[in-house]
Amino acid sequence: MRGLPQAPCHLTSVPLLPNIPRLLDELAHLATISAHPAPAVTRVLFSEEDLTARAWLLTLAENAGLRTRSDSIGNLFITLPGSDPSLPAVATGSHTDAIPNAGAYDGVVGVLGGLEALRSIAESGETPRRSIELIMFTAEEPTRFGIGCLGSRMMAGTITADEARQLRDPNGISLEQLRPPQYSGDLAATRLTPGSYSHFIELHIEQGPHLEAAGIDIGLVEKIAAPAAFRLTFTGTGGHAGAVLMPGRHDAFLAAAETALAVETAALESGSPDTVGTTGVIEVKPGAINSIPCHALMEIDFRDTDLAARDAALIRIRQSAETICERRGVQLDWFLINSDPPALCSQEILAVAETHTTDLSYTSTRLISRAYHDSLFMARLCPTAMIFIPCLNGWSHRPDEFSSPQAIAKGTTLLAHTLLTLAAS
């Protein structure tokens, strides 16, 4: 991952020169801290790999002379002090946890690119007015507890300490049992008040094909889609596959299957071009080829940038599921896992970033993030925006996920300039 030439970028009187070879080496090293061999990357919350990656990141920051701390959910904070530390800091950040069999760039570019942005500002000799803080958020991925963005949710107060204590992983292990000693403080203290930061901006790979296909350097995110997730449990009547005739069956799986098709229909007919619905989990019991399913569990992800369209579609899905189950003689239990509003990104931050793309001779476009990120919850605390860089074929959450050194260099350089400008306010 070496060999990318460095070229200084000047904005007004402040030259910033991110060390891109250093950053690429660090990206490559972090990819080796994985439960699965290369090219796959797996780092699940509070696993040995996750804790190793956290310790390594803190060492990098401390070696750069930056201040470090953590909170009781495990969010890490790396700070470049400003000349007026009484002011709310400007923040950036993302995550380093990775779903099983993932790639090396999702989240990680925003963390290590953010670190390099802070180092480049420090190495320029410029002291920003506001402090600049890099946040490594805990558990952006839902792998361990089935809920994404755990760290940023707790900072924003959309999940309480009591609710967090009730979380269990697939093996029934609680968050309290998993929390390492260094994060053993009061969970309630992780919540911040609005205004705790002046601005937040997250650097991330696009996880979509648009920038690469259009040959555009930078995507400036205007809206982040609103996610909802829900779990449906269908309870029918089991029986022998040969002995129970079709008219007398109460098949839990068939009720679930019809509901999955209703999810697709609701998404297609929502009236919003950004509606997407995915039935990503289905479990059937007893799971024998000659036994009628008596139980089915289904988990659905449904999201949109238009909250009204999304919520109307959810009502339609629930009504369809209830009608299906009544007709089939199957009991339905509906459990809402989470339902979050969309985020509108800060026009102030976008304008600053857009000006810098021109100064740096980068091409850019405004776009929507249909995936959600920690920025969705940081938007509840302060003005927020995102910078996207292209990734190969739009691929993500897979071992061949890739963003070029040139794309990473441009995203990191733009981030550094934008942070410094915001920190001067």
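Placed above this text is the structure.
The sections below set out a description of the structure shown in this document. (Residues numbered from 1 in each chain as written. Predicted model: local features only at pLDDT ≥ 70, side-chain atom pairs only at ≥ 80, totals over all residues. Heavy atoms only, no water.)

Brief notes about unusual backbone geometry
Following Ala38, the chain continues to Pro39 via a peptide bond in cis, the omega torsion being 5°. Relative to the helices and strands, Pro39 resides in the loop between α1 (20–32) and β3 (41–43). A cis amide bond, omega 10°, links Lys285 with the succeeding residue Pro286. Summarising the element assignment, Pro286 is placed in the loop between β13 (276–285) and β14 (291–292). Look at Asn393: it is not a glycine, yet its phi comes out positive at around 60°. Checked against the element boundaries, Asn393 lands in the loop between β19 (384–389) and α12 (405–423). (Helix = DSSP H or I, 4+ residues; strand = E, 2+ residues; numbered from the N terminus.)

As for the nonpolar core
One finds Leu112, Tyr197 and Leu419 to be the most contacted residues of the largest nonpolar core, which totals 101 residues. Per-element accounting of this core gives the leading share, ten residues, to α12. Leave out the neighbours within four places in its chain, and Tyr197 touches Arg69, Phe77, Pro88, Ala89, Ala91, Glu133, Ile135, Met155, Leu192, Met378, Leu381 and Cys382. In terms of nonpolar packing, the next biggest core, distinct from the first, is built from 21 residues, Ala256, Ala266, Phe302 and Ile317 among them. (Core = buried A, V, L, I, M, F, W, Y, C linked by side-chain atoms within 4.5 Å. Buried < 20%, exposed > 50% of the residue type's maximum accessible area, 1.4 Å probe, protein only. Contact = heavy atoms within 4.5 Å.)

A few points about the packing of aromatic side chains
The final tally for this structure, using the stated rule, is four aromatic pairs. For the ring pair Phe137 and Phe200, a centre distance of 5.9 Å and an interplane angle of 70° mean the geometry is edge-to-face. Residue Phe137 is found in the loop between β8 (132–136) and α4 (150–156), and its partner Phe200 is found in strand β9 (residues 197–205); the two are separated by 63 residues along the sequence. For Phe137, a relative accessible area of 1% translates into the label buried. Ring centres 4.6 Å apart and planes at 10° place the aromatic pair Phe230 and Trp334 in the stacked group. Taken together, the residues span a long stretch of sequence, with Phe230 in strand β11 (residues 226–235) and Trp334 in strand β16 (residues 331–339) at a distance of 104 residues. When its relative accessible area of 0% is taken as the criterion, Phe230 is described as buried. Trp334 sits in the buried class, given a relative accessible area of 16%. Looking at Arg69, its charged tip hangs above the ring of Phe77, at a distance of 4.1 Å from the centre. (Phe/Tyr/Trp six-rings, centres within 6.5 Å; stacked < 30°, edge-to-face > 60°. Lys NZ or Arg CZ within 6 Å of the ring centre and 35° of its normal.)

Remarks on the pattern of salt bridges
Following the criterion strictly, the structure yields 23 salt bridges and no others. Arg119 is the partner of Glu116 in a salt bridge, and the nearest nitrogen-oxygen pair spans 2.7 Å. Of this pair, Glu116 and Arg119 are both found in helix α3 (residues 108–124), three residues apart, which corresponds to roughly one turn of the helix. Summarising the burial analysis for this pair, Glu116 and Arg119 share the class buried. Note that Glu322 is salt-bridged to Arg318, the shortest N-O span being 3.4 Å. Of the two residues, Glu322 and Arg318 are both situated in helix α9 (residues 307–328); the distance of four residues between them amounts to about one turn of the helix. Residue Glu322 is classed as partly exposed on the basis of its relative accessible area of 40%. (Salt bridge = Lys/Arg side-chain N within 4 Å of Asp/Glu carboxyl O.)

Quick notes on the pairing of β11
In terms of burial, β11 is largely enclosed, as eight of its ten residues are buried. Strand direction decides the pairing type here: β11 and strand β15 (residues 295–304), joined by ten bridges, are antiparallel. Pairing of Ala228 across the sheet is with Phe302, part of β15. Taken together, the eight bridges between β11 and β16 define a ladder with antiparallel strand orientation. The residue bridging Thr235 from the neighbouring strand is Gln331, located in β16. (Pairing = 2+ DSSP bridges.)

Focus on the state of the cysteines
With the rule as written, the count across this model stands at zero disulfides. Cys345 takes part in no disulfide bond, and the closest cysteine sulfur, belonging to Cys382, lies 11 Å away. The exposure class assigned to Cys345 is buried, which follows from its relative accessible area of 8%. (Disulfide = S-S within 2.5 Å.)

Observations concerning helix α8 (residues 252–268)
Counted at 1.5 Å a residue, the expected span for α8 with its 17 residues is 24 Å, and the 25 Å between its end C-alpha atoms agrees. Ala252, Ala255, Ala256, Thr259, Ala262, Val263, Ala266 and Ala267 are the residues of α8 that are buried. Buried residues of α8, seen end-on, are gathered within an arc of 130° and therefore sit on one face of the element. The exposed set on the far side of α8, more than 90 degrees from its buried face, consists of Leu261 and Leu268. In this structure, the buried side of α8 is in contact with β11, β13, β15 and α9. Between the side-chain oxygen at the start of α8 and the backbone nitrogen of Phe253 there is a gap of 2.8 Å, and the oxygen is on Asp251. (Expected span 1.5 Å × (residues − 1). Arc of directions from axis to C-beta. Polar contact = N/O pair within 3.5 Å; in protein donor to acceptor, adjacent residues only side chain to side chain.)

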